[in-house]
Amino acid sequence: MAYLQVRDATKSFAGGTTALRGVSLDVRRGEFFTLLGPSGCGKTTLLRAIAGFNPLTSGTIAVDGIDLTSVPPHKRDIGMVFQDYAVFPHLSVFDNVAFGLKPRKVPPAEVARRVPEALEAVRLAALADRLPAAMSGGQQQRIGLARAMVINPRLLLMDEPLSNLDAKLRIELREEIRDIQQRVGIATIYVTHDQEEALAISDRICVMSNGHVEQVGTPEAIYGDPQTLFVARFVGTLNELERGPALADLLQRLDLGAADRDGVTWTIRPEDIRLVSSGAADTAALEGVVSKCTYLGREAHLHLRTPAGDLIVHVVNPSRVAVPAAGATVAVAVGREALMGFDGEGRRVAARGGA
Ligand SMILES: Nc1ncnc2c1ncn2[C@@H]1O[C@H](COP(=O)(O)OP(=O)(O)O)[C@@H](O)[C@H]1O
Ligand SMILES: [Mg+2]
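Residues numbered from 1 in each chain as written. Chains lettered and ligands numbered in written order. Predicted model: local features only at pLDDT ≥ 70, side-chain atom pairs only at ≥ 80, totals over all residues. Heavy atoms only, no water.

In its Sequence similarities (unreviewed entry) section, the UniProt record describing the protein reads: "Belongs to the ABC transporter superfamily." Here is the UniProt Subcellular location (unreviewed entry) comment for the protein, exactly as written: "Cell inner membrane". (UniProt positions renumbered as here; feature names shortened; annotations may be inferred.)

Right, here's the structure in full:
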């Protein structure tokens, strides 16, 4: 059985906003599970409901087989890390972390043992006596993480813990959070609106929109095998082909005519489009004119105008291959197995491979 079980969770706020519309989730023991979605989709509401800070309108939440519905927050043994660091500036790093143990009436000898352990885990042991005021955002957030972990929680919840940090620190700290989580082995629910962060850090990702779950899966499945148009658009870059004779002709040549219907949106990732030499007899080819070429070192991004709409093509290792300049006419081939179709409701109609 799942370690955390959320069933049919709904939440309506006084005033009429419905933030959760029937969310069901299973999180495994020790799993790093991420809620990913745009601002306002209900991530924080769900996290706060799990922590017990705002009760659900309906539905149930259970951890390790125990229904939490009527358990107050301080008895849930759930650690939480917030976006703003929520450290007490007048307390030392040690006392900030020990603060988490206060309401639990932990004996002083145990406090003296557990706080240094938690500080060790987040690599702040040497700064235990300092005041946090002079510390960096990254260090302050590690205090928050130690304070959440020191209670030996059954579940660690993190709500956009990196969003107040600059880009470089964000990447460093996300690797560190992942390492700590793996070492401690604690089931973690992590909230972010940053798709790259979600892909980098998670065992599994739950993509949410407008109070419901779009898809749950590994990072590879979410990116490579999106089940809805929303997921495909939200995670990564997506080319959406324009409906018309050029697309119909291409689908025929790829033997996908039967899978096509009115209202289907055909899409493809930029790295699944290949430059081919013009005039080559390639049934998968489309002709286009380069409208822009952005050189980025590791890759170049070509913007093409084609009869099936504007496309972005990623060319890997552009220093080694000839990259066409703006104005050039080129041919590109789209992999049949890389085309993803979505129906009028945004649901996937054809798996990769056209099946
Ligand atoms: N306390 C509240 N009272 C009323 N509406 C709220 C409250 N908290 C959140 N909401 C609304 O619920 C929706 C989901 O919010 P939230 O869970 O914070 O989204 P996210 O964390 O994904 O950005 C939003 O429309 C938000 O305005
Ligand atoms: Mg939020």
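Back to the write-up after that little detour.
1. Considering the overall build of the protein
Across its full length, the protein carries nine helices and 19 strands. Counting only C-alpha atoms and orienting by the principal axes, one finds that the protein spans roughly 80 × 45 × 35 Å. Taken over 355 residues, the protein has a buried fraction of 49%. Across the protein, contacts joining residues at least 24 apart in sequence account for 65% of those joining residues at least 6 apart. Surface summary for the protein: the accessible area is close to 16,500 Å², and the carbon and sulfur share equals 51%. (Helix = DSSP H or I, 4+ residues; strand = E, 2+ residues; numbered from the N terminus. Buried < 20%, exposed > 50% of the residue type's maximum accessible area, 1.4 Å probe, protein only. Contact = heavy atoms within 4.5 Å. Areas by Shrake-Rupley, 256 points an atom, 1.4 Å probe, with all protein chains shown as cover.)

2. Some points on the state of the cysteines
In total, this model carries zero disulfides according to the counting rule given. As a non-bridged cysteine, C206 has C41 as the owner of its nearest cysteine sulfur, 8.6 Å distant. (Disulfide = S-S within 2.5 Å.)

3. Comments concerning the pattern of salt bridges
Summed over the entire model, instances satisfying the criterion amount to 19 salt bridges. A salt bridge links R178 to D203; its shortest N-O distance comes to 2.9 Å. Here R178, found in helix α5 (residues 167-184), pairs with D203, found in the loop between α6 (195-201) and β9 (204-209); they are 25 residues apart in sequence, far enough to count as distant. We classify R178 as buried; its relative accessible area is 17%. Here D203 falls in the partly exposed class, since its relative accessible area comes to 27%. Across the pair E240 and R233 runs a salt bridge whose closest N-O atoms are separated by 2.7 Å. Looking at E240, the relative accessible area reads 31%, which means it is partly exposed. One connected set of salt bridges, linked through shared partners, spans E110, R113, R114 and E117. (Salt bridge = Lys/Arg side-chain N within 4 Å of Asp/Glu carboxyl O.)

4. A look at the site of ligand 1
In the region of ligand 1, the neighbouring residues are F13, T17, A19, P38, S39, G40, C41, G42, K43, T44 and T45. In this structure, K43 approaches ligand 1 through a side-chain N or O atom, which is 2.8 Å from an oxygen atom. Contact between ligand 1 and T44: an oxygen atom at 2.8 Å from a side-chain N or O atom of the residue. In terms of residue count, helix α1 (residues 43-51) provides more of the shell around ligand 1 than any other element does, three residues in total. Across the shell around ligand 1, the residue classes tally to four nonpolar, six polar and one charged. (Near = heavy atom within 4 Å. Polar contact = N/O pair within 3.5 Å; in protein donor to acceptor, adjacent residues only side chain to side chain. Nonpolar A, V, L, I, M, F, W, Y, C, P; charged D, E, K, R; others polar.)

5. Topic: the packing of helix α4 (residues 137-149) against α5
Their axes nearest at 11 Å, the elements α4 and α5 cross at an angle of 20°. In terms of orientation, α4 lies roughly parallel with respect to α5. Considering how the two elements wind past one another, α4 and α5 form a crossing that is right-handed. Residues G138, Q141, R142, L145 and M149 of α4 lie in contact with α5, whose contacting residues are L169, L173, E176, I177, I180 and V184. Residues that form the contact of α4 with α5 fall into these classes: seven nonpolar, two polar and two charged. (Axes fitted to C-alpha atoms, helices over the stretch in contact; angles between N-to-C directions. Parallel < 35°, antiparallel > 145°, perpendicular 65-115°, else oblique. Left-handed = near helix turned anticlockwise from the far one by under 90°.)

6. Topic: the side chain of N96
Structurally, N96 is set in helix α2 (residues 93-98). A polar contact is formed between the side chain of N96 and the backbone nitrogen of F88, at a distance of 2.8 Å.

7. Considering the nonpolar core
With 36 residues, the main nonpolar core has V97, V115, L119, L145 and I177 as its most contacted residues. Looking at this core, the elements that each hand over two or more residues are α2, α3 (108-121), α4, β7 (155-159) and α5. V97 has contacts with V115, A118, L119, I143, A146, R147 and V150, leaving out every residue within four places of it along the chain. Formed by 30 residues, the second largest nonpolar core is a distinct cluster that contains A246, L286, V332 and A333. (Core = buried A, V, L, I, M, F, W, Y, C linked by side-chain atoms within 4.5 Å.)

8. Examining the UniProt feature "domain: ABC transporter" (unreviewed entry) in the protein
Under the UniProt annotation, the feature "domain: ABC transporter" (unreviewed entry) is placed at residues 4-235. In residues 4-235, the share of helix is 34% and the share of strand is 25%. The end C-alpha atoms are 25 Å apart.

9. What to know about the sheet that holds strand β2 (residues 18-27)
An order of β2-β1-β4-β5 is seen for the four strands of this open sheet, with the pairing classed as antiparallel. The strands lining the two open edges of the sheet, one partner per strand, are β2 and β5 (66-67). Two elements, strand β1 (residues 4-12) and strand β4 (residues 58-63), share five bridges in a ladder whose sense is antiparallel. Considered in β4, the bridge of R7 is made with T60. Against the sheet, α1 touches β1, β2 and β4, its axis set at about 60° to β2. (Pairing = 2+ DSSP bridges.)

10. Considering the packing of aromatic side chains
All told, the structure shown has three aromatic pairs when counted by the stated rule. Relative to F99, the ring of F88 has its centre 4.7 Å away and its plane inclined at 55°; by these criteria the two rings are tilted. Taken together, the residues span a long stretch of sequence, with F88 in the loop between β6 (78-81) and α2 and F99 in the loop between α2 and α3 at a distance of 11 residues. Under the relative-accessibility criterion, F88 is labelled partly exposed at 27%. A residue is classified by how much of its surface remains accessible, and F99, at 36% relative accessible area, is partly exposed. Judged by centre distance (5.8 Å) and plane angle (10°), the ring pair of F230 and F234 falls under stacked. Placement of the pair is F230 and F234 together in helix α8 (residues 229-234), with a separation of four residues, close to one helical turn. Taking relative accessible area as the criterion, F230 reaches 27% and is therefore assigned partly exposed. (Phe/Tyr/Trp six-rings, centres within 6.5 Å; stacked < 30°, edge-to-face > 60°.)

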